[in-house]
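A look at the structure
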Amino acid sequence: MGIEVKKLEKYIDIYDIFRILMSQDNFKDNKISFLDSSLKNKYGKYSIIGINPYLELKENSEDYLDPIEIYAYYIGSYINTMRNGIFLKYSLSFPVTYEKAIREKILSSFRKGIQKSLPIEIQEDENLMKEFKVKHGANEPAAFAVCALSSLKIEPKDENDKIYYGVFDFGGGTTDFDFGVWKFATEEDQEARYDYELEHFGAGGERYLGGENIIRDLAYKVFTENNDKLRKLNVQYTRPEGYDELIGEETLVSKTREARLNTRILAELLRCIWEDGEQSKRERIDIIKCTLYDAHSNSNSKLELKVNEDELKEIIREKIEKGIKNFFIKMEDSFKDEDAKEINIFLAGNSCKHPYVEEIFKRYQEEMKDKFILNIYDAKAIKEANK
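Anyway, here's the lowdown on the structure attached to this text.

Rules used in this analysis
- Per chain, the residues get numbers from 1 upward, laid out in the order the sequence is written.
- With the structure being a predicted model, the display of local features is reserved for residues of pLDDT at least 70 and the display and counting of side-chain atom pairs for 80 or more, all residues being used for whole-chain, interface and lining totals.
- In computing side-chain properties, one takes all heavy atoms of the structure into account and sets aside hydrogens as well as water.
- A 1.4 Å probe rolled over the protein chains alone gives each residue an accessible area, and that area as a share of the maximum for its type sets the label: buried under 20%, exposed over 50%, partly exposed in between.
- Under the scheme used here, helices are H or I runs from DSSP no shorter than 4 residues and strands are E runs no shorter than 2 residues, and both carry numbers assigned from the N terminus.
- Pairing between strands is defined by DSSP: at least two bridges between them are needed.
- Inter-axis angles, ranging from 0 to 180 degrees, are taken between N-to-C directions of lines fitted to C-alpha atoms, where helices are fitted over the stretch in contact.
- The contact criterion used is simple: two residues touch if any of their non-hydrogen atoms lie within 4.5 Å.
- Working rule for helices: expected span equals 1.5 Å times residues minus one.
- The directions considered for the arc run from the helix axis to the C-beta atoms.
- Salt bridge criterion: a side-chain nitrogen from Lys or Arg within 4 Å of a carboxyl oxygen from Asp or Glu.
- When an angle is under 35 degrees it counts as roughly parallel; over 145 it counts as roughly antiparallel; between 65 and 115 it counts as roughly perpendicular; any other value is oblique.
- In this scheme the crossing of two helices becomes right-handed for a clockwise turn of the near helix relative to the far one and left-handed for an anticlockwise turn of less than a right angle.

Counting buried positions along strand β7 (residues 175-184) gives nine out of 10 residues, so the element sits mostly inside the fold. In this structure, strand β6 (residues 163-170) lies alongside β7, joined through eight bridges in antiparallel fashion. Its bridge partner lying in β7, Phe168 is registered against Phe177. A loop of four residues connects β6 with β7, the two strands running antiparallel in sequence. Of the strand pairs in this sheet, β7 and strand β8 (residues 196-206) are connected by 10 bridges, and their pairing is antiparallel. Considered in β8, the bridge of Asp176 is made with Gly205.

This is the structure in structure tokens:
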């Protein structure tokens with residue numbers, strides 16, 4: 001079956017924009033460009049909106065625009081209302097793989113954005129604003145572990161009991177691991193009215209394993225299978241991180257606006273293979289009809305690209321398999337000095353909904369049963385426990 005794109009605009013919305021902005025590559029390496037389909041220049045072409053790499057944004061520059069600060073402003077406006085009240089203390093969690101410079105910059109952007117969302121009377125009250133804080137809290141998977149353990153009512157029986165846990169947080173851009181123990185709080189913490197404490201044993205992750213990255217991997221595979229046709233049309237694309245350059249690819253791979261746009265267009269068309277791999281709601285894809293752009297921004301409409309769906313599904317399986325294998329290697333290393341016989345594993349992140357994730361974890365559960373009892377909980381089980 002073939003699928004065809006009529007209009008590019010339907011694939012670029014506010015969620016796409018923030019998904020692109022929150023990619024680590026775009027934080028420090030890439031200038032991001034968006035086509036504004038509502039505005040055309042005198043040559044009849046769409047206007048281009050350009051945003052510099054996030055870490056290079058300068059407040060005193062003429063074209064300064066911090067999209068994360070704007071994002072934080074909207075979040076603050078949603079939180080701080082007459083109904084909810086006004087909040088002055090915030091904690092941000094981050095993926096394990098985010099570098100320190102990125103975390104610090106995001107904290108600064110959130111601090112500015114949330115502050116601007118507060119009522120002007122509070123912003124002008126010096127004593128109140130001394131209480132205003134935006135700080136780095138627990139990492140994302142550790143924060144998820146606390147919520148999951150509490151929701152499922154998994155509690156230590158006494159002061160000597162240790163509840164071992166692992167979190168596999170498979171998101172859109174990265175995959176994070178976290179390992180530790182849930183136990184009774186110390187006497188000092190109990191006096192501060194804490195019942196339990198989470199002791200962190202280890203963390204890790206796969207920087208480029210994420211649902212959105214996998215979709216771009218699929219796009220790259222399709223591009224490479226159609227190289228001859230693309231070369232004749234001077235249509236370029238981007239190469240994902242971790243791939244070696246193929247012979248004859250020098251003129252095809254680029255970081256230009258057109259190359260990135262082509263990759264985004266094709267990735268969106270291949271999204272259904274990632275989201276509905278079992279073909280429960282669609283037919284098999286063998287040909288994709290789409291509009292891509294050459295190096296001079298000219299569109300090539302009704303371009304037909306060959307697709308080998310079986311090969312694309314195998315790429316998905318290999319990527320997930322590698323990530324889960326590394327999770328268990330890190331788990332055994334984190335607990336090597338502990339007498340851990342039972343471990344609770346929590347599957348977090350939207351990408352964990354992919355059927356391969358459950359399938360591969362169940363296989364490991366069976367293979368490791370003589371070593372550990374692995375209790376595996378997905379997001380659905382945690383949600384049910386909250387009812």
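Okay, back to it.
Okay, the sheet that holds β6 next. Strand order in this open sheet of five strands is β8-β7-β6-β11-β12, and the pairing throughout is mixed. The open sheet is flanked by β8 and β12 (373-377), the only strands paired with a single partner. Averaged over all pairs of adjacent strands, the angle between their axes in this sheet comes to 20°, without regard to strand direction. Strand contacts of helix α12 (residues 309-334): β6, β7, β8, β11 (342-348) and β12, with the helix running at about 35° to β7, the strand carrying the most contacts.

This paragraph deals with helix α13 (residues 355-367). For α13, which comprises 13 residues, the first-to-last C-alpha distance of 19 Å matches the rise-based estimate of 18 Å (1.5 Å per residue) to within 8%. The complete set of buried residues in α13 reads Tyr356, Val357, Ile360, Phe361 and Tyr364. Axial view of α13: buried residues confined to an arc of 125°, hence all on one face.

The subject of this paragraph is the environment of Ile316. Looking at where Ile316 falls in the secondary structure, it is placed in helix α12. Residues within four places of Ile316 in sequence aside, it is in contact with Ile214, Leu218, Ile273, Trp274, His354 and Tyr356.

So, about the pattern of salt bridges. Within this structure, the stated rule accounts for 26 salt bridges. As a salt-bridge pair, Lys362 and Glu358 come within 3.0 Å of each other at their nearest N and O atoms. Remark: Glu358 and Lys362 occur in helix α13; sequence separation between them is four residues, near one turn of the helix. On the basis of relative accessible area, Lys362 is assigned to the partly exposed category, the value being 49%. One salt-bridge network, in which partners are shared between bridges, spans Glu212, Glu268, Arg271 and Glu275.

It is worth spelling out the side chain of Asn375 at this point. Mapped onto the elements, Asn375 comes out in strand β12. Residue contacts for Asn375: discarding those within four places in its chain leaves Glu342, Ile343, Asn344 and Ile345.

This brings us to the packing of helix α3 (residues 67-79) against helix α4 (residues 100-117). Helix-helix packing is characterised by the crossing angle of the two axes and by the distance between the axes. Contact pair α3 / α4: the axes reach a minimum separation of 7 Å and the direction vectors enclose 45°. Compared by their axis directions, α3 and α4 come out oblique. Two packed elements cross with a definite hand, and for α3 against α4 that hand is right-handed. Between α3, through Ile68, Glu69, Tyr71, Ala72, Tyr73, Ile75, Gly76 and Ser77, and α4, the contact on the second element is made entirely by Ile106, Ser109, Phe110, Lys112, Gly113, Ile114, Lys116 and Ser117.

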